[in-house]
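Spelled out from the first residue to the last, the chains are:
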Amino acid sequence: MQTASSKLNVSESLSDIICALQNILVRSQVIIPVLETPYSTFPNSDCSPVEPKSQSVINIITERHRQLDTVLHEISGLEAVMDSVKNLYQQVLEKKEKITQSMNLHKSLGSVLRRLPTEILSRIFNHCLPETNLLLPPSTLKAPMLLTAICRRWREVAVGMPNLWCRLYVEVNDRDWERAAFCYDLWFKRSRGHPLSLALGRYHSTKLRNLLQPYITHITSLRVSVCSSQGEYFVADLPALQDLAILGMTRSDIPTIAQSVSRLPSTIRSLRVIDMKPFFDIEHLSSFSPVWAHLTDVQIAHSAK
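Residues numbered from 1 in each chain as written. Predicted model: local features only at pLDDT ≥ 70, side-chain atom pairs only at ≥ 80, totals over all residues. Heavy atoms only, no water.

**Quick look at the overall build of the protein**
The number of helices and strands found in the protein is 9 helices and 6 strands. Restricting the contact set of the protein to residue pairs at least 6 apart, pairs at least 24 apart contribute 63%. Here the protein displays about 20600 Å² of accessible surface, and carbon together with sulfur accounts for 58% of that area. (Helix = DSSP H or I, 4+ residues; strand = E, 2+ residues; numbered from the N terminus. Contact = heavy atoms within 4.5 Å. Areas by Shrake-Rupley, 256 points an atom, 1.4 Å probe, with all protein chains shown as cover.)

Rendered as structure tokens:
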């Protein structure tokens, strides 16, 4: 076990090593040996005037082998020293990181934000949410996820505020669905049964239905982007739904969507049909009955395209 005294000695010895290396490097110089020989000026050709088995040439080659072995040994030794220095350097970097973390931790103890009551901090967190009516996908660069990465107390407060986790844009991506599904599910669990406002991307799959099934009774607002290649739309079987927005609907989509919409609960109060293509005809929406009887707000917009 290392004691405080032994740790101090290690630090002192490391400083001594650094000073010694610096002094050695200042005085060190690689001396290139004189490699010129009487034969160095001979042309490099097959017609050399020197006998191949000349004793003087053999001696020179033997000397060069010896010199090369010495250099290779020096290179090997330097590489070993460099690896050790790199290892020491990495340890010192880790030491610096731990010292910095400890310093920042103790600095934060005196921070005004650390002393704020949870109620005040909660109000601040509510104002940290993106100022937009659009529902956004999870992002570690935006609240509420950003708030959970600042410090332990902020994380505890943010996770304990269900209202921060009630709005979300959900998109199915088969390339990384397991990670995304884990993130979405964690988000919904943090909402703790509060009403959910969701926006679904253009691809609605069985995976998405399975993900949302435990929270189906909590969805009160839903924004759905229509993909005409799909025959089933995620707009039915939502017993608490109050607001529904359908984007990008075409005439060919109406029968399928109307079938789902007709099964909406009596809680529905608002229906918005946005970016309807190619044109709007009130007769097309008459098939949405009997939902009309429950609506207090209807918005219809169509695209000129």
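**Notes on the confidence of the model for the protein**
For the protein, per-residue confidence averages 80 on the pLDDT scale, and 79% of positions sit at 70 or higher. Mean pLDDT values for the elements of the protein range from 60 in helix α9 (residues 282–285) up to 93 in helix α4 (residues 118–128). Note on residues 228–232: pLDDT is under 50 here. Beyond four places in sequence and across chains, it has 9 contacts. (pLDDT = per-residue confidence, 0-100.)

**With respect to unusual backbone geometry**
In this model, A143 is joined to P144 through a cis peptide bond whose omega is 10°. Turning to its location among the elements, P144 is positioned in the loop between α4 and α5 (152–159). A positive phi is found at R192, a non-glycine position, where the angle reads about 50°. Along the polypeptide, R192 turns up in the loop between α6 (177–191) and β2 (196–200). R192 sits in the exposed class, given a relative accessible area of 52%. (Buried < 20%, exposed > 50% of the residue type's maximum accessible area, 1.4 Å probe, protein only.)

**Description of the pairing of β2**
The buried count for β2 comes to 5 of 5 residues, which makes it a mostly enclosed element. What you see with β2 is no split at all: L196, L198 and L200 on one side and S197 and A199 on the other are buried throughout. Alignment of strand β1 (residues 167–170) against β2, held across 4 bridges, turns out to be parallel. Bridging from a neighbouring strand, L168 pairs with L198 of β2. Pairing of β2 with strand β3 (residues 219–225), which is carried by 5 bridges, proceeds in the parallel orientation. Residue pairing across strands places S197 opposite S221, the latter belonging to β3. (Pairing = 2+ DSSP bridges.)

**Here's the deal with helix α8 (residues 254–261)**
Within α8, the full set of buried residues consists of I254, I257, A258, S260 and V261. On an axial view of α8, the arc spanned by its buried residues comes to 160°, and they lie on one face. Seen from the buried face of α8, the exposed residues on the opposite side, beyond 90 degrees, are P255 and Q259. (Arc of directions from axis to C-beta.)

**Side note on the nonpolar core**
If you look at the biggest cluster of nonpolar residues, it comprises 46 residues, and the most contacted ones within it are F125, F188, L222 and L244. Those residues within four positions of F125 in sequence are excluded, and the remaining contacts are L147, W154, V157, A158, M161 and L164. (Core = buried A, V, L, I, M, F, W, Y, C linked by side-chain atoms within 4.5 Å.)

**Thoughts on the pattern of salt bridges**
Across all of its chains, the model carries 3 salt bridges by this definition. For D185, the salt bridge identified is with K189, shortest N-O distance 3.1 Å. Linking D185 with K189, this pair stays in helix α6, spanning 4 residues, or about one helical turn. (Salt bridge = Lys/Arg side-chain N within 4 Å of Asp/Glu carboxyl O.)

**Considerations on α4**
Three or four residues apart is the spacing at which side chains of an α-helix point the same way, because the helix has 3.6 residues per turn. Those residues of α4 that sit buried are L121, S122 and F125. Taken down its axis, α4 places every buried residue within 105° of arc, on the same side. Facing away from the buried side of α4, by more than 90 degrees, are the exposed residues E119, R123 and H127. For α4, the secondary structure elements touched by its buried residues are α5.

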